[in-house]
Amino acid sequence: MFSKCSRQFTVQFSNQIKRLQSTLVIAEHNNESLTPITQNALAAAKKLGGDITVLVAGTKCGPAVEKLAKANGLKRVLVAENDAFKGFTAESLTTLVLATQKQFNFTHIVAGATAFGKALLPRVAAKLDSSPVTDVIGIKSADTFVRSIYAGNAIQTLVAKDPVKVLSVRGTSFEADNLEGGSAASEPAPAGSYATDLTSFVGQELSKSDRPELTSANVVVSGGRGLKSGDNFKLLYDLADKLNAAVGASRAAVDAGYVPNDMQVGQTGKIVAPDLYIAVGISGAIQHLAGMKDSKTIVAINKDPEAPIFQVSDYGLVADLFKAVPELTGKL
Ligand SMILES: Cc1cc2nc3c(=O)[nH]c(=O)nc-3n(C[C@H](O)[C@H](O)[C@H](O)COP(=O)(O)OP(=O)(O)OC[C@H]3O[C@@H](n4cnc5c(N)ncnc54)[C@H](O)[C@@H]3O)c2cc1C
C-alpha cells in the first residue's frame with residue numbers, strides 16, 4: 001500500500017516538474033527569414049522537454065513569425081515589434097528578454113551560439129544571476145549539458161544548478177527543426193520602452209553572395225595562407241561553383257586581408273560541420289580545427305606532408321595547390 005502511494009506521488013511529482021519546465025527560444029532572423037541556427041536552437045529546446053515559447057523581436061518581423069509558427073509543438077510565439085530592435089542590438093534585446101522572463105518565469109532560455117547569441121545571452125544571464133552554459137553540443141537532461149571547451153580539445157559534461165538555465169547551442173550539433181506540422185498562436189511580447197542610451201543602430205553593410213551560407217552549406221571549400229593573395233581565392237571560388245559550395249578561410253587568410261572576416265572558420269570564426277570540407281593551403285592549427293573538425297568528410301590539399309591538417313583529414317593530397325585545385329576543378 002505504502003509503495004503504491006509513493007509511486008503515485010513520484011509520478012505526480014515528476015509530471016508536475018515536467019509541466020513546470022518551460023523554455024524560451026530567442027529567434028535569430030532578419031525580419032523576413034529565419035537564420036538557420038533558429039531551427040537548431042528549436043531542436044535543442046525540444047530535447048529539453050516541457051513547453052516551448054519562441055520570442056521574435058524585430059521591426060516588421062511578420063514573415064519570420066509566420067515561418068516559426070509552423071513549427072510543431074510550440075506553446076506560443078511572442079512577437080515584439082519596436083524600432084528599438086533595429087539592428088537587433090543586444091543592449092535593447094536584453095531588456096525585452098528580461099521582461100519576458102519576468103512575466104513567464106521560464107526554466108530555460110536558449111539561443112544559438114552565434115555572434116547574436118554570444119552578445120545577448122551573457123547579458124541576460126548576468127542580470128538573472130545565472131552562469132550561462134555556452135557552446136552546448138549535447139543535452140542529457142533538463143540540467144545536464146555537454147559542451148565543447150578549450151577550443152574543442154575537451155568535452156565537458158556539467159550539471160547546471162541555476163534555477164534559470166541560459167544556454168547557447170551549437171547549430172552543428174542539433175539537427176534543424178523542419179518547421180512543419182504546427183500552428184502556434186502568436187501573442188504580443190511584454191510591452192515596454194526598449195530604447196537604450198547604451199547603443200544606437202546606425203547601419204550595416206552585409207556581404208552578399210550567391211553561394212550557400214557558410215554555416216549551413218553541405219560543402220565548404222576553405223583557403224588559408226597558402227593561397228598567398230586574395231586574387232588567388234578565385235581558384236577556390238571556381239571549385240566551389242562546381243560543387244555548389246560555400247567558401248571559408250583560415251584566420252591567417254583573413255588577417256592577411258585576402259578575404260573578409262565573415263568567411264573565417266574556427267574558434268573565433270564560424271563553426272561548420274558540412275558533409276564535405278576541403279581545406280586548401282591550411283596548416284590545421286587547433287583554432288582552425290575547432291571550427292571544422294566535425295565535418296563528415298575532410299579533404300586536405302597541402303604541399304607539406306607534415307601539416308597537422310592531415311591528421312584530421314579523411315583524404316589528403318600532398319601537392320601544390322596552384323596545380324591541384326585547377327586540375328580538380330577541371331575534372332568536375
Ligand atoms: C586565440 C586565437 C584564436 C584563433 N582563431 C582562429 C580561427 O578561428 N580560425 C583559424 O583558422 N585560425 C585561428 N587562429 C590562428 C591559428 O592559430 C593559425 O595561425 C591559423 O589557423 C593559420 O592559418 P593557415 O593554416 O592559413 O596558415 P599557416 O599556418 O601559415 O599555413 C599555411 C599552409 O599552407 C601550406 N601551403 C603553402 N603554400 C602552399 C601551396 N602552394 N600548396 C599547398 N599548400 C601550401 C603550408 O604548407 C601551410 O601548411 C587563432 C589563434 C589564436 C591565438
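Criteria and thresholds
Residues numbered from 1 in each chain as written. Predicted model: local features only at pLDDT ≥ 70, side-chain atom pairs only at ≥ 80, totals over all residues. Heavy atoms only, no water. Buried < 20%, exposed > 50% of the residue type's maximum accessible area, 1.4 Å probe, protein only. Helix = DSSP H or I, 4+ residues; strand = E, 2+ residues; numbered from the N terminus. Pairing = 2+ DSSP bridges. Right-handed = clockwise from strand over helix to strand, strands pointing away. Domains from an automatic or database assignment. Buried area = accessible area lost by both parts, 1.4 Å probe. Polar contact = N/O pair within 3.5 Å; in protein donor to acceptor, adjacent residues only side chain to side chain. Nonpolar A, V, L, I, M, F, W, Y, C, P; charged D, E, K, R; others polar. Axes fitted to C-alpha atoms, helices over the stretch in contact; angles between N-to-C directions. Parallel < 35°, antiparallel > 145°, perpendicular 65-115°, else oblique. Left-handed = near helix turned anticlockwise from the far one by under 90°. Contact = heavy atoms within 4.5 Å. 1 Å grid on protein atoms, 1.4 Å probe; cavity = no way out; pocket = protein on both sides within 12 Å on 5 of 7 lines; lining within 4 Å. Points joined across faces, edges and corners; volume = space filled by probe spheres on them. Near = heavy atom within 4 Å. Areas by Shrake-Rupley, 256 points an atom, 1.4 Å probe, with all protein chains shown as cover. Sits in = over half its atoms within 2 Å of the grid points.

A. Expanded view of the pairing of strand E10 (residues 219-223). Judged by how many residues are buried, E10 sits mostly within the fold: five of five residues are covered. Here E10 pairs with strand E11 (residues 246-249) via four bridges, running parallel. Bridge assignment links valine 221 to a residue of E11, and that residue is valine 247. Once you follow E10 into helix H6 (residues 234-243) and on to E11, the crossover reads as right-handed.

B. A look at the domain arrangement of the protein. Split by domain assignment, the protein resolves into domain 1 (19-188) and domain 2 (214-331). For domain 1 and domain 2, the distance between their C-alpha centroids amounts to 31 Å. By the criterion of area lost to domain 2, the three top residues of domain 1 are Ala151, Arg170 and Thr172, representing 62% of everything that side buries. Our count for the contact surface shared by domain 1 and domain 2 stands at zero residue pairs in polar contact (both at pLDDT 80 or more). Considering only residue class, the side of domain 1 that touches domain 2 consists of two nonpolar, three polar and one charged.

C. Representation of the environment of lysine 127. Checked against the element boundaries, lysine 127 lands in helix H5 (residues 115-127). Among the residues examined, lysine 127 registers a relative accessible area of 63% and is labelled exposed.

D. Representation of the packing of H6 against helix H10 (residues 321-331) within the structure. Between H6 and H10, the shortest axis-to-axis distance is 9 Å and the interhelical angle comes to 25°. One element, H6, and the other, H10, form an angle in the roughly parallel class. Relative to H10, H6 is oriented so that their crossing is left-handed. Facing Leu235, Leu236, Asp238, Leu239 and Lys242 of H6, the residues of H10 in contact are Leu321, Phe322, Val325, Pro326, Leu328 and Thr329. Classifying every residue of the contact of H6 with H10 gives eight nonpolar, one polar and two charged.

E. Just the layout of surface pockets, in detail. The computed volume of the second largest pocket comes to approximately 490 Å³. Gly224, Arg225, Gly281, Ile282 and Ser283 are the residues nearest the centre of the second largest pocket, which is lined by 29 residues in total. Going through the elements one at a time, helix H7 (251-255), helix H8 (286-289), strand E13 (297-302) and H10 are the ones with two or more residues in the lining of the second largest pocket. Within the lining of the second largest pocket, the residues separate by chemical class into 10 nonpolar, 13 polar and six charged.

F. Quick peek at the site of the ligand. In the region of the ligand, 26 residues are neighbours, and Arg225, Ser250, Thr268, Ser283 and Asn302 sit closest. Between glutamine 267 and the ligand, the recorded distance is 3.0 Å, taken from a backbone N or O atom to an oxygen atom. Leucine 321 is positioned such that a nitrogen or oxygen atom in its backbone is 2.9 Å from a nitrogen atom of the ligand. Burial of the ligand by the surrounding chains reaches 77%, relative to a free accessible area of 990 Å². If you map the ligand onto the pockets, it falls in the second largest pocket. Mapped by element, the contributors of at least two residues to the shell around the ligand are H7, H8 and H10. Taken together, the residues of the shell around the ligand break down into seven nonpolar, 13 polar and six charged.

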